Amino acid sequence: MRLDSPPRSLGEGPGQGRIRTSRVRHRQQLVLRRLQVLQLPLEKQAVYAETFRRLRTFEELLTAAGGSGKELVSDMSDRLAAGGLSA
């Protein structure tokens, strides 16, 4: 994307969700004066908020399940090594 091209709102076109940046000494800087923020009606914002809450809950459940799975494997490995389980 060229820096002299017209600004685009987030959520529009092929680069949706991307923020225009310029490279200065291998660092990226946000060009605030060109940033346009998509504004949604409150009803749509509420739908997005609920979806993000559900995603966070799902992520927390997956993290907990992953931790429980690791504990189970560790316990089973210990029992197998101690002769408490047969192969």
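Remember, it's a predicted structure, so these values are computed and weren't measured experimentally.

A. Just the overall build of the protein chain, in detail. Along its length, the protein chain carries 1 helix and 2 strands. Order of helices (α) and strands (β) in the protein chain, N terminus to C terminus: β-β-α. Within the span of the protein chain, comprising 87 residues, buried residues form 6% of the whole. Of the contacts made within the protein chain by residues no fewer than 6 positions apart, 24% connect residues no fewer than 24 positions apart. For the protein chain, the exposed surface amounts to about 8,100 Å²; the carbon and sulfur share of it is 56%.

B. Representation of the pattern of salt bridges in the model. As enumerated under the stated definition, the model contains 3 salt bridges in all. When salt bridges that share partners are traced, they join Glu50, Arg53 and Arg54 into one network.

C. Representation of helix α1 (residues 42-81). Helix length check: α1, at 40 residues, gives a terminal C-alpha distance of 58 Å against a target of 58 Å (1.5 Å per residue), a fit within 8%. Two residues or fewer past α1, Gly83 is found with a positive phi of approximately 85°.

D. Structural view of a nonpolar patch on the surface. A contiguous nonpolar surface patch, about 370 Å² in accessible area, is contributed by Leu30, Leu32, Leu35 and Val37. A relative accessible area of 60% means that Leu32 is categorised as exposed.

E. View of the confidence of the model for the protein chain. Scored by pLDDT, the protein chain has a mean of 78; 70% of the residues are at 70 or more. Per-element averaging of pLDDT across the protein chain places strand β1 (residues 21-24) at the bottom with 55 and α1 at the top with 93. Contacts from residues 1-5, a stretch scored under 50 in pLDDT, to residues over four places away or in other chains number 10 contacts.

Calculation notes
Residues numbered from 1 in each chain as written. Predicted model: local features only at pLDDT ≥ 70, side-chain atom pairs only at ≥ 80, totals over all residues. Heavy atoms only, no water. Helix = DSSP H or I, 4+ residues; strand = E, 2+ residues; numbered from the N terminus. Buried < 20%, exposed > 50% of the residue type's maximum accessible area, 1.4 Å probe, protein only. Contact = heavy atoms within 4.5 Å. Areas by Shrake-Rupley, 256 points an atom, 1.4 Å probe, with all protein chains shown as cover. Salt bridge = Lys/Arg side-chain N within 4 Å of Asp/Glu carboxyl O. Expected span 1.5 Å × (residues − 1). Patch = residues over 30% accessible without salt bridge, like charges linked within 9 Å, V, L, I, M, F, W, Y side chains within 5 Å. pLDDT = per-residue confidence, 0-100.

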